[in-house]
Amino acid sequence: MAHSITQEYLQIPVVTRAYTTACVLTTAAVQLEVITPFQLYFNPDLIIRRYQIWRLITNFLFFGSLGFSFLFNIIFLYRYCRMLEEGCFRGRTADFVFMFLFGGVLMTLFGLFANLFFLGQAFTIMLVYVWSRRNPFIPMNFFGLLNFQAPFLPWVLMGFSLLLGNSIIVDLLGIGVGHMYYFLEDVFPNQPGGRKLLMTPELLRAMFDHQEEDPSYTPLPEEQAGELWQDQEGEEAPDL
């Protein structure tokens, strides 16, 4: 049993595995009172004046205490990060890491002016947005109540946040950064006179793109993405 769980864990793509694990461990450390959220949140003053550089990363790793919000975010993070890495970024780990860096840097710059403390939710929405634009024909279902195509998923999530009384600034930030990446990577290079502006550094390629793929590796099917909503409610998935 333990060997099976370990094997399944190691089959998760490397970037998804590293990021999801870091988020879970960070939340566990806060829950066990090993650290506090005050040591993790984004604070430019502490970063610059007290050299607490780790805050540039840790603010992307904490989704709040264990509860519905944490589970909701971690499920979306794992699922859509993995489908991106196994789908359009398969065999292109360096490009995937570069997308992480691109999104993280832009969100951090915005955080300087928007007084945002934790950016993990915005980062998740960015991943969802990029996946949704690259898979425009996949049908989705929201708790058995609303049917829509994948490109509307980020907006449905934003509406859900609004219904829960949460600020939608974080969602809008994730959508905005996700659209910037999608436009620069997928749209602009294919326009008349357009060209590819996002170039993955060779250092990242040397670090990540030399790995051989495990022959027993089984990707998570993208066409099952619409099932997430039914999985949470115990209903059948839509016909895809």
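Basis of the calculations
- Residues numbered from 1 in each chain as written.
- Predicted model: local features only at pLDDT ≥ 70, side-chain atom pairs only at ≥ 80, totals over all residues.
- Heavy atoms only, no water.
- Helix = DSSP H or I, 4+ residues; strand = E, 2+ residues; numbered from the N terminus.
- Contact = heavy atoms within 4.5 Å.
- Areas by Shrake-Rupley, 256 points an atom, 1.4 Å probe, with all protein chains shown as cover.
- Pairing = 2+ DSSP bridges.
- Salt bridge = Lys/Arg side-chain N within 4 Å of Asp/Glu carboxyl O.
- Buried < 20%, exposed > 50% of the residue type's maximum accessible area, 1.4 Å probe, protein only.
- pLDDT = per-residue confidence, 0-100.
- Phe/Tyr/Trp six-rings, centres within 6.5 Å; stacked < 30°, edge-to-face > 60°.
- Lys NZ or Arg CZ within 6 Å of the ring centre and 35° of its normal.
- Axes fitted to C-alpha atoms, helices over the stretch in contact; angles between N-to-C directions.
- Parallel < 35°, antiparallel > 145°, perpendicular 65-115°, else oblique.
- Left-handed = near helix turned anticlockwise from the far one by under 90°.
- Nonpolar A, V, L, I, M, F, W, Y, C, P; charged D, E, K, R; others polar.

A short note on the overall build of the protein chain
- A tally of helices and strands in the protein chain yields eleven helices and two strands.
- Order of helices (α) and strands (β) in the protein chain, N terminus to C terminus: α-α-α-α-α-α-α-β-β-α-α-α-α.
- The long-range fraction of contacts in the protein chain, counting pairs at least 24 apart against all pairs at least 6 apart in sequence, stands at 66%.
- Summed over all atoms, the accessible surface of the protein chain reaches about 13100 Å², with 63% contributed by carbon and sulfur.

Points about the pairing of strand S2 (residues 146-149)
- For strand S1 (residues 139-142) and S2, the ladder comprises four bridges, and the chain directions are antiparallel. Note that in S2 the partner of methionine 140 across the bridge is phenylalanine 148.
- Hairpin geometry of S1 and S2 is characterised by an intervening segment of three residues between the two adjacent antiparallel strands and by a positive phi of about 50° at phenylalanine 143.

Here we look at the pattern of salt bridges
- Per the counting criterion, the structure on display carries six salt bridges.
- Put simply, arginine 134 and aspartate 186 hold a salt bridge, and the shortest N to O gap is 2.7 Å. Residue arginine 134 is located in helix H7 (residues 120-134), and its partner aspartate 186 is located in helix H9 (residues 169-187); the two are separated by 52 residues in the primary sequence.
- Assessed through its relative accessible area of 22%, aspartate 186 is described here as partly exposed.
- Here lysine 196 makes a salt bridge to glutamate 185, at a shortest N to O gap of 2.6 Å. Taken together, the positions of lysine 196 in the loop between H9 and helix H10 (202-208) and glutamate 185 in helix H9 put the pair eleven residues apart, joining distant regions of the chain.
- The exposure class assigned to lysine 196 is partly exposed, which follows from its relative accessible area of 36%.
- Linked through salt bridges whose partners overlap, the residues forming this network are Arg92, Asp95 and Arg205.

Description of the confidence of the model for the protein chain
- Across the protein chain, the average pLDDT comes to 86, with 86% of residues at or above 70.
- Here residues 227-240 is a poorly scored stretch, pLDDT under 50, and it has 29 contacts once near neighbours within four places are set aside; other chains count.

Quick look at the packing of aromatic side chains
- This structure, assessed with the given rule, holds 15 aromatic pairs.
- Of the aromatic side chains, those joined through ring pairs into one cluster are Tyr19, Phe60, Phe89, Phe96, Phe100 and Phe123.
- In this arrangement the basic side chain of arginine 17 is found over the ring face of tyrosine 9, its NZ or CZ atom lying 6.0 Å from the centre.

Structural notes on the packing of helix H5 (residues 68-86) against H7
- In contact at an axis separation of 9 Å, H5 and H7 are set at 40° when each is read in the N-to-C sense. Here H7 runs oblique to H5, going by the angle between their axes. Between H5 and H7 the crossing geometry is left-handed. Note on element contacts: H7 touches H5 through Gln121, Thr124, Leu127, Val128, Val130 and Trp131, opposite Asn73, Phe76, Leu77, Tyr80, Cys81, Met83 and Leu84.
- Taken together, the residues of the contact of H5 with H7 break down into ten nonpolar, three polar and no charged.

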